[in-house]
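Here are the chains, one letter per residue:
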Amino acid sequence: MISKPAEILVLTPASEALIKGCARLGPCLRATRAEVLAGRVEGLAAVRAVAAWDVVVDGALFERLPALELVANQGVGYDKVDVAAATARGIAVTHTPDVLTDEVADFTLGLLIMTIRRLGEAERFLRAGRWEAGPFPLSHTLRGRRVGILGTGRIGKAVATRLEGFGVSLAYSGRRPQPDLAYPYFPDARQLAGAVDTLISILPGGAETRRLVDAEVLAALGADGVFVNVGRGSTVDEAALATALRTGVIAAAGLDVFEHEPHVGPELLELENAVLMPHVASATVHTRAAMSKLVVDNIAVWLADGRALTPTPETRAGLPVR
Ligand code: NDP
């Protein structure tokens, strides 16, 4: 029996759901990016679709995949995929919007409250047996806060909706005002930070947003300021943030994303007023399964009739979507 050559490559590490889902579609290769680049994987010539989660997918990889038509990225953020290189080669890119929005918004509220009410610190205090020596110190409050949302897309809007229930005031910033949002709009991060005391950033990564939150933005947020980042680590000047937290320029920060993940530097690790999370905003069994399913569905539809279910905006604009 002659078996069909593999049309799908799953870049590893990948979830079981993604691996099994792709395998159900037909013959599948599995390899790390390094193995592909080192020429250690046979049968790549027929690969039409790559499934990728948190892996750099760029021109070097495309060189090894002459028949590639689709990069199906697991995650709504696709800054590790070189979309320009893909588009130049006529390769479509899909991502996983919407299916994670509520999960990430829930997490963002949790991180915000954890940061303001010092929940991690309070639990460490109890576990260390320090309660018997006296009560935990008083924390900051969400009461009366003015919250600014930087990056008011799908997730930013879901965060805002939840925050309305907490009775805080809201404002936002983005590249343009959005007619469906009634909150005050500020054209840039610094102006938004100057008008609020709590800044929640849910920006995509990439060159345009690199270090958008810098020392000036943090200074504008002020000494009672709380900064929460659930977007991408690259959007923040991390050294400036550590300095601002250490010197009282702002009060506290809650971070799910970092500039050099999974490495987090000592300048942040040693700060009690920073709540640090290992990029887990969408990390539930339910939502990761939904994300993997959407990757697999994109590949299935593409291989069957050359359509993308959830193309990135660049692919939608740059390729004839069949
Ligand atoms: P959307 O594309 O719906 O929203 C992105 C928002 O960012 C838009 O409102 C856009 O506004 C704004 N934006 C884009 N570029 C700029 C810029 N240069 N300056 C100011 N604002 C900008 O994406 P989602 O809400 O679905 O996801 C947002 C990001 O969250 C993802 O790209 C990902 O990086 C991150 N994320 C992180 C997760 C985690 O685990 N921590 C999980 C899921 C997502 P406009 O176009 O109007 O300027």
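What counts, and at which threshold
- Residues numbered from 1 in each chain as written.
- Predicted model: local features only at pLDDT ≥ 70, side-chain atom pairs only at ≥ 80, totals over all residues.
- Heavy atoms only, no water.
- UniProt positions renumbered as here; feature names shortened; annotations may be inferred.
- Pairing = 2+ DSSP bridges.
- Helix = DSSP H or I, 4+ residues; strand = E, 2+ residues; numbered from the N terminus.
- Contact = heavy atoms within 4.5 Å.
- Axes fitted to C-alpha atoms, helices over the stretch in contact; angles between N-to-C directions.
- Parallel < 35°, antiparallel > 145°, perpendicular 65-115°, else oblique.
- Left-handed = near helix turned anticlockwise from the far one by under 90°.
- Nonpolar A, V, L, I, M, F, W, Y, C, P; charged D, E, K, R; others polar.
- Expected span 1.5 Å × (residues − 1).
- Near = heavy atom within 4 Å.
- Polar contact = N/O pair within 3.5 Å; in protein donor to acceptor, adjacent residues only side chain to side chain.
- Salt bridge = Lys/Arg side-chain N within 4 Å of Asp/Glu carboxyl O.
- Buried < 20%, exposed > 50% of the residue type's maximum accessible area, 1.4 Å probe, protein only.

The protein is annotated in an unreviewed UniProt entry as 2-hydroxyacid dehydrogenase from Phenylobacterium hankyongense. The Sequence similarities (unreviewed entry) comment attached to the protein in UniProt states, word for word, "Belongs to the D-isomer specific 2-hydroxyacid dehydrogenase family."

Undergrad: Tell me what's going on with the sheet that holds strand β12 (residues 274–276), and back it up with residues and numbers.
TA: An order of β8-β7-β6-β9-β10-β11-β12 is seen for the seven strands of this open sheet, with the pairing classed as parallel. The sheet terminates laterally at β8 (185–186) and β12, the two strands that pair on one side only. Pairing of strand β6 (residues 146–150) with strand β9 (residues 198–201), which is carried by four bridges, proceeds in the parallel orientation. From the neighbouring strand, isoleucine 149 faces β9, where its bridge partner is isoleucine 200. Of the strands in this sheet, β6, β7 (169–173) and β9 are in contact with helix α7 (residues 154–164), which crosses β6 at around 165°. Sitting on the sheet, helix α10 (residues 238–246) is in contact with β10 (226–229), β11 (252–255) and β12, with an inclination near 140° to β11.

Undergrad: Which residues make up the packing of helix α5 (residues 101–116) against α7, and what values do they have?
TA: Running from N to C, α5 and α7 point in directions that differ by 55°, and their axes come no closer than 9 Å. With respect to α7, the axis of α5 lies oblique. Our pair here, α5 against α7, has a crossing hand that is right-handed. Contact with α5, carried on its side by Thr101, Asp102, Val104, Ala105, Asp106, Thr108, Leu109 and Leu112, involves Arg154, Ile155, Ala158, Val159, Arg162 and Leu163 of α7 and no other residues of that element. Class assignment for the residues of the contact of α5 with α7 results in eight nonpolar, two polar and four charged.

Undergrad: Describe helix α12 (residues 285–305), naming the residues involved and giving the relevant values.
TA: Compared with the 30 Å implied by 1.5 Å per residue over 21 residues, the 30 Å span of α12 between its first and last C-alpha is a close match. Of the surrounding elements, those touching the buried residues of α12 are β1 (8–12), α1 (16–25), β3 (49–52), β4 (70–73), β5 (92–94) and α5. Taken from the residues just after α12, glycine 306 is the one with a positive phi, measuring 65°.

Undergrad: Which residues make up the site of the ligand, and what are the values?
TA: The immediate surroundings of the ligand are formed by 25 residues, with Arg154, Ile155, Arg175, Val230 and Asp256 found nearest. In the environment of the ligand, an oxygen atom lies 3.3 Å from a nitrogen or oxygen atom belonging to the side chain of arginine 176.

Undergrad: Quick one: what's the story with the pattern of salt bridges, residue by residue and with numbers?
TA: For the coordinates displayed, the defined rule picks out 20 salt bridges. Here glutamate 16 ties to lysine 20 by a salt bridge, and the two come within 3.8 Å at their closest N and O atoms. Taken as a pair, glutamate 16 and lysine 20 lie in helix α1 at a separation of four residues, close to a single helical turn. For arginine 118, the salt bridge identified is with glutamate 121, shortest N-O distance 2.8 Å. Exposure remark for arginine 118: the relative accessible area of 22% places this residue in the partly exposed category.

Undergrad: Would you mind going over unusual backbone geometry in detail, with residue names and values included?
TA: With the exception of glycine, the majority of residues adopt a negative phi angle, and the majority of peptide bonds are in the trans configuration. Threonine 12 connects to proline 13 through a cis peptide bond whose omega is 0°. Proline 262 follows glutamate 261 through a cis peptide bond whose omega is 0°. Tracing the backbone through its elements, the reader meets proline 262 in the loop between β11 and α11 (266–269). Positive phi, close to 50°, is recorded for histidine 279, a residue that is not glycine. On the secondary structure map, histidine 279 appears in the loop between β12 and α12.

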